[in-house]
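Spelled out, the chains give:
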Amino acid sequence: MEEFIVFLASLRPTSLMPVALLLLAGGGLAVGWSTLAARGEQNDVKRRLKVEAQLPAAAATEPAKKKNVDAVREKAAKTAHEFYAKSDPENVARLRLKLIQAGYMDPGAVGTFFLIRFGCFFLGAVGAFLVNNWMASAEATTFSRWSFVIIAGAIGYFLPGLALGQLIKGKMREYRNGFPDFMDLMIVCSDAGMAMEAGIERVSKELATTYPSLSQNLQLVSLELRAGRSLDDALKSLADRLSLDEVRSFATLLQQSKELGTSLSGALRVFSDEMRHKRMSLAEEKAHALPAKMSVPVTVCILPVVLMVAIIPIIVKMTAE
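In this report, we go over the structure that sits alongside the text.

Reading the values: rules and limits
- Residues numbered from 1 in each chain as written.
- Predicted model: local features only at pLDDT ≥ 70, side-chain atom pairs only at ≥ 80, totals over all residues.
- Heavy atoms only, no water.
- Helix = DSSP H or I, 4+ residues; strand = E, 2+ residues; numbered from the N terminus.
- Buried < 20%, exposed > 50% of the residue type's maximum accessible area, 1.4 Å probe, protein only.
- Contact = heavy atoms within 4.5 Å.
- Areas by Shrake-Rupley, 256 points an atom, 1.4 Å probe, with all protein chains shown as cover.
- Core = buried A, V, L, I, M, F, W, Y, C linked by side-chain atoms within 4.5 Å.
- Axes fitted to C-alpha atoms, helices over the stretch in contact; angles between N-to-C directions.
- Parallel < 35°, antiparallel > 145°, perpendicular 65-115°, else oblique.
- Left-handed = near helix turned anticlockwise from the far one by under 90°.
- Nonpolar A, V, L, I, M, F, W, Y, C, P; charged D, E, K, R; others polar.
- Phe/Tyr/Trp six-rings, centres within 6.5 Å; stacked < 30°, edge-to-face > 60°.
- Lys NZ or Arg CZ within 6 Å of the ring centre and 35° of its normal.
- Patch = residues over 30% accessible without salt bridge, like charges linked within 9 Å, V, L, I, M, F, W, Y side chains within 5 Å.
- Salt bridge = Lys/Arg side-chain N within 4 Å of Asp/Glu carboxyl O.
- Lys, Arg positive; Asp, Glu negative; His and termini not counted.
- Charge placed at Lys NZ, Arg CZ, Asp CG, Glu CD.

In terms of regular secondary structure, the chain is built from ten helices and zero strands. For the chain, the N- to C-terminal ordering of α and β elements is α-α-α-α-α-α-α-α-α-α. Taken across its 321 residues, the chain has 23% of its residues classed as buried. Sequence-distant contacts in the chain: of pairs separated by 6 or more residues, those separated by 24 or more amount to 59%. Accessible surface, the chain as shown: approximately 22600 Å² in total, 67% of it carbon and sulfur.

In terms of nonpolar packing, the biggest core is built from 32 residues, with Phe179, Phe182, Met183, Met196, Phe250 and Leu268 touching the most fellow members. Element by element, the count of residues in this core is highest for helix H5 (residues 142-191), at seven residues. The contact partners of leucine 268, leaving out residues within four places of it in the chain, are Met183, Met186, Ile187, Ser190, Met196, Phe250, Leu253 and Leu254. In this structure, Val92, Leu95, Leu99 and Ala102 belong to the second largest nonpolar core, which totals ten residues.

Turning to the packing of H5 against helix H10 (residues 264-320), a few remarks are in order. As a packed pair, H5 and H10 sit with axes 9 Å apart at the nearest point and diverge in direction by 160°. As the angle between them shows, H5 and H10 are arranged roughly antiparallel. In the crossing of H5 with H10, the sense of the turn from one axis to the other is left-handed. Across the interface between the two elements, Arg176, Asn177, Phe179, Pro180, Asp181, Met183, Asp184, Met186, Ile187, Ser190 and Asp191 from H5 touch Leu264, Ser265, Leu268, Arg269, Phe271, Ser272, Met275, Arg276, Arg279 and Leu282 from H10. Here the residues of the contact of H5 with H10 sort into ten nonpolar, four polar and seven charged.

All chains considered together, the criterion is met by seven aromatic pairs. A ring pair is formed by phenylalanine 113 and phenylalanine 114, whose centres lie 6.3 Å apart and whose planes are at 65°; its orientation type is edge-to-face. Of the aromatic side chains, those joined through ring pairs into one cluster are Phe179, Phe182, Phe250 and Phe271. Seen from the ring of tyrosine 157, arginine 117 lies directly overhead, with NZ or CZ sitting 4.6 Å from the centre.

Judged by side-chain charge, Lys169, Arg173, Lys286 and Lys293 come together as a positively charged surface patch. Within the residue set of the positive patch, elements represented by two or more residues are H5 and H10. Its location among the elements puts lysine 169 in helix H5.

Purely geometric stuff here, so don't read any function into it on its own.
Take a look at the structure:
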């Protein structure tokens, strides 16, 4: 501290040039620092504005790319549909009905199905060819390798059809389980004084949570009725989409009730009771068939284990002696 005081005392009042230079350097440093900080904030603002300006462009490019991909897929599906429609129109019509029964209402579903079938065939054949090149033994003949490729391609070709059949079975199970509930709700609507068209529209909304596929088909019936189609034709179209005999019987019931002038709610109640009895009969039939179906896995899987548990101790005891 004393040395610093001595140093200050040694400075003469006439030597102000170093102090001025020091103050000038400090002021310049302060001004430069503030300028650099402001420039950094400005660059940050510009960067944000640039990013925000680029975001709509990127957001616009993504839908454009997706739109292009969808357009290419739709064009390919349309081309496949037209090709198969010209070569085998009856098969295309049957496939269209199966896709509708599976819940695919899009008109381009047939072309998409053919594209999926061709893709599965190609992937199966190429996958089998690569497996042959990588894992096939040296003793394998050319005939066996190409046979494996052809079999894998055939499996890939028929696999979408099998998957579609399983989807149809699942949808039919849903339709068969939900149709008695539809009849009960229709009885409630009929007792409340609602017309058949209004009742179908109301019930379709109520069944949207428990039976979504059935609700979708009922909404189509409601739209057809609004478009001016008759109730009998709309229900016949519904029977074709659902592929259920109960729906055809329901359409016949409504037609006969209209022609004979009988009570609609009473006819619906009797028909609903018959449907529930039929569903209970099917459940009892499956329950009675269960023991016969269980005999095969019991005989194949459990009986050999029981025999081994009973015989092995005797064998071990005889060999020990």
